[in-house]
Amino acid sequence: MKKYIKIVTLLFAVASVGYAIQAKAGDEGHGGTITFTKPVSSVVFDHKTHIDMGFDCDSCHEKLFEYKRSSEDKADFNMASMYAGKYCGGCHNGNTAFASNTKCGSCHNNVKSKIVFAKPVKAVIFDHKAHIEMVGDDCASCHDSVFPSDKKSEAQADFTMDSLYKGKYCGKCHDGNMAFASNTKCATCHIGVKGYNRMFKTEKTGHKGH
Amino acid sequence: MRIEEIEALEKLKKEGADNLPSPERRKFLQIGLVVTGVFAGGTILSLTAAKESLAALDGIEQRKFPYKPHYAMVMRQDKCIDCQLCMDACVKTNNVPDYGYRTTILEREVELAPEKKFREFIPVLCNQCNKPPCVRVCPTTATYKDPKTGIVRMEITRCIGCKTCMAACPYNARYYNEDKRAIDKCDFCFESRLSKGETLTACAAACPAGVRIFGDITDPSSQVHKLVYEPERVLWVLRPETGAVPNVFYTKG
């Protein structure tokens, strides 16, 4: 009886491993889901969806994309290239598939829900999700006129409160009309060093017993 | 200590246990300093209207001040964003170890209505009280009111590390410095800056948001004086009920 149980267990184990391998191979077979991290970390591409539409490997590889995952390391992997028919723009041109400059959220569906700026002071929180809910699918209300996607605002010398008061960056809307003025309710966006530490690391305030 | 000094001390009015913060209140304040948003609950922060808090400061209504210059700080509290540049500057300027602080920033979340909260940051430091409980309780006169500026200073060679002043301070503004083997505290940067000709404390100089306004309250042209005496401006002090008569004021806007 014991021997029988052992054999059954063994068979079951072998079967499960075999199934797992097969499943994995299946995913790899069509490339799985790719989450691009550059130049922005928000685009998810699902191989299966595209294959199910009737495309095969040759439709894209290697004239639009190399088999090797390399697109995001290329300097021209941006929206401008797509508008020029490169990368996703090979099909997403308004004929074969919806144009690259429409339906942003269909591909950019993994936007960070919260962005935390640490410069020039620690730290400012921007709730991307809450703002997207306010403007709907209209990414253009901020991108790229107010916040260019290819530039990190934090790295700009003029990413300061003074610029905001002049209507730049957040100040475009936070002017006292469309949204509360930039020179009011400071701590709504400024979460401080304490807020930053809560989000990114275990509390280290220098106080004992904590 | 000379006999006369001891006799003079003995003549002082007895403090009595009533004047010391209760253990609960003290514990509460300590919680407030390390954990965020916990120090609500009335007695820690008593907000009073301008008139009452001004009444708490001896002679301020008559515009009489015990010292000249009489250093004070006004915190434009709602502008504080907890960037902690003040704390960094203080640590650097006054060699403050990481287990202590001369100034820190408290945080609390105030619930205005369900689902409607606002966060505020409250910078704190030694209030350089006109009636400092720490000075009253110090058995060796190691901590004293500077006779000229009114700053509560330390003579560390006299400090025996008994920590009585730490217990007496209503503002938790003192810590034991293991290197100095003495209590250390904010002296409005007197030793590190003011005595060397600087006009601002390190924290006030470092603040990018114009929160910490420092100056001589007896000087009508100083921003501190202007803010304190601006008609209709609401000012308050922390824990006025202790009767310590602090020289750090809080305001908004």
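## Some details on the overall build of chain A
Piece 1. Looking only at helices and strands, chain A has nine helices and four strands in total.
Piece 2. Scanning chain A from its N terminus toward the C terminus, one meets helices and strands in the order α-β-β-α-α-α-α-β-β-α-α-α-α.
Piece 3. Taking all 210 residues of chain A together, the buried fraction comes to 11%.
Piece 4. For chain A, the share of sequence-separated contacts (at least 6 apart) that also reach a separation of at least 24 residues comes to 35%.

## Looking at the overall build of chain B
Piece 1. Within chain B, the regular secondary structure consists of eight helices and ten strands.
Piece 2. By the burial criterion, 39% of the 253 residues in chain B qualify as buried.
Piece 3. Across chain B, contacts joining residues at least 24 apart in sequence account for 61% of those joining residues at least 6 apart.

## Points about the sheet that holds strand S10 (residues 248-251) of chain B
Residue and element names in this part refer to chain B.
Piece 1. Strands sit in the order S8-S1-S10-S9 across an open sheet of four strands; the sheet is mixed. The open sheet terminates on both sides in strands that have one partner only, identified here as strand S8 (212-216) and strand S9 (235-236).
Piece 2. Where S9 and S10 come together, two bridges link them in antiparallel fashion. Bridge assignment links Leu-235 to a residue of S10, and that residue is Thr-251.

## Comments concerning the environment of Phe-126 of chain A
Residue and element names in this part refer to chain A.
Piece 1. Inspection of the secondary structure assignment puts Phe-126 in strand S4 (residues 124-127).
Piece 2. Separated by 26 residues in sequence, Phe-126 and Ser-100 have C-alpha atoms that sit 26 Å apart.
Piece 3. Non-local contacts of Phe-126, meaning those with residues more than four positions away in its chain, are made with Lys-114, Ile-115 and Phe-117.

## Brief notes about the nonpolar core
Note on soluble globular proteins: their nonpolar side chains tend to be buried together.
Piece 1. The biggest cluster of nonpolar side chains holds 61 residues, and the ones touching the most others in it are Val-74, Val-224 and Phe-249 of chain B.
Piece 2. If sequence neighbours within four positions are ignored, Val-224 of chain B has contacts with Ala-72, Val-74, Ile-213, Phe-214, Gly-215 and Ile-217 of chain B.

## A word on the pairing of strand S2 (residues 103-113) of chain B
Residue and element names in this part refer to chain B.
Piece 1. Bridge count for S2 against strand S3 (residues 116-125) is ten bridges, and the pairing is antiparallel. When the sheet's bridge partners are listed, Glu-111 is paired in S3 with Lys-117.
Piece 2. Between S2 and the antiparallel strand that follows it, S3, lie two residues; Glu-115 among them carries a positive phi value of about 70 degrees.

## Quick look at unusual backbone geometry
Piece 1. Omega for the peptide link from Lys-38 of chain A to Pro-39 of chain A comes to -5 degrees, which places this bond in the cis form.
Piece 2. Turning to its location among the elements, Pro-39 of chain A is positioned in the loop between strand S1 (33-36) and strand S2 (43-46).
Piece 3. A cis amide bond links Lys-119 of chain A to the next residue, Pro-120 of chain A, at an omega of 0 degrees.
Piece 4. Secondary-structure assignment places Pro-120 of chain A in the loop between strand S3 (114-117) and S4.
Piece 5. Located in the positive-phi region is Tyr-169 of chain A, a residue other than glycine, with phi close to 45 degrees.
Piece 6. With respect to the helices and strands, Tyr-169 of chain A occurs in the loop between helix H7 (161-165) and helix H8 (186-189).
Piece 7. Of note in the backbone geometry, Arg-239 of chain B takes a positive phi value of approximately 50 degrees without being a glycine.
Piece 8. Mapped onto the secondary structure, Arg-239 of chain B falls in the loop between S9 and S10.

## Focus: helix H4 (residues 85-94) of chain B
Residue and element names in this part refer to chain B.
Piece 1. Considered for burial, the residues of H4 that qualify are Cys-86, Met-87, Cys-90 and Asn-94. Considered in projection along H4, the buried side chains sweep an arc of 95 degrees and stay on one side of the axis.
Piece 2. Residues of H4 that are buried make contact with S2, S3, helix H7 (202-206) and S8.

## Some remarks on the pairing of strand S7 (residues 182-185) of chain B
All names here are of chain B.
Piece 1. One ladder, built from four bridges, connects strand S6 (residues 174-177) with S7; its direction is antiparallel. Directly across from Arg-174, in S7, lies its bridge partner Lys-185.
Piece 2. Hairpin connection from S6 to S7: four residues lie between these consecutive antiparallel strands, with Arg-181 at a positive phi of about 50 degrees.

## Regarding the environment of Ala-209 of chain B
All names here are of chain B.
Piece 1. Looking at the element boundaries, Ala-209 is found in the loop between H7 and S8.
Piece 2. Taking the C-alpha atoms as reference points, Ala-209 and Val-224, separated by 15 residues in sequence, lie 16 Å from one another.
Piece 3. Setting aside chain neighbours within four positions, we find Ala-209 in contact with Lys-79, Cys-80 and Ile-81.

## Concerning helix H6 (residues 128-135) of chain A
Piece 1. Counting buried positions along H6 of chain A yields zero of eight residues, so the element is predominantly exposed.
Piece 2. Positioned one or two residues after H6 of chain A, Gly-136 of chain A has a phi angle of 70 degrees, which is positive.

## Let's talk about the confidence of the model for chain A
Residue and element names in this part refer to chain A.
Piece 1. Overall, the predicted model of chain A reaches an average pLDDT of 82, with 81% of residues at or above 70.
Piece 2. Residue range residues 20-28 is modelled with pLDDT below 50. Its contacts to residues more than four positions away, or to other chains, number one contact.
Piece 3. Across residues 205-210, confidence stays below pLDDT 50; counting only partners more than four residues off in sequence or on other chains, it has nine contacts.

## Re the confidence of the model for chain B
Atomic detail in the predicted coordinates should be set aside for any region of low pLDDT.
Residue and element names in this part refer to chain B.
Piece 1. Overall, the predicted model of chain B reaches an average pLDDT of 81, with 75% of residues at or above 70.
Piece 2. Low pLDDT (under 50) marks residues 14-22, which in the prediction has seven contacts with non-local residues, meaning those over four places away or in another chain.
Piece 3. With pLDDT under 50 throughout, residues 24-59 is counted as low confidence; its partners more than four residues away or in other chains account for 62 contacts.
Piece 4. Here the prediction assigns the complex a pTM of 0.73, and the interface score ipTM is 0.70.

Conventions used here
- Residues numbered from 1 in each chain as written.
- Chains lettered and ligands numbered in written order.
- Predicted model: local features only at pLDDT ≥ 70, side-chain atom pairs only at ≥ 80, totals over all residues.
- Helix = DSSP H or I, 4+ residues; strand = E, 2+ residues; numbered from the N terminus.
- Buried ≥ 20, exposed ≤ 12 C-beta atoms within 10 Å, placed from the backbone.
- Contact = placed C-beta atoms within 7 Å.
- Pairing = 2+ DSSP bridges.
- Core = buried A, V, L, I, M, F, W, Y, C linked by C-beta atoms within 7 Å.
- Arc of directions from axis to C-beta.
- pLDDT = per-residue confidence, 0-100.

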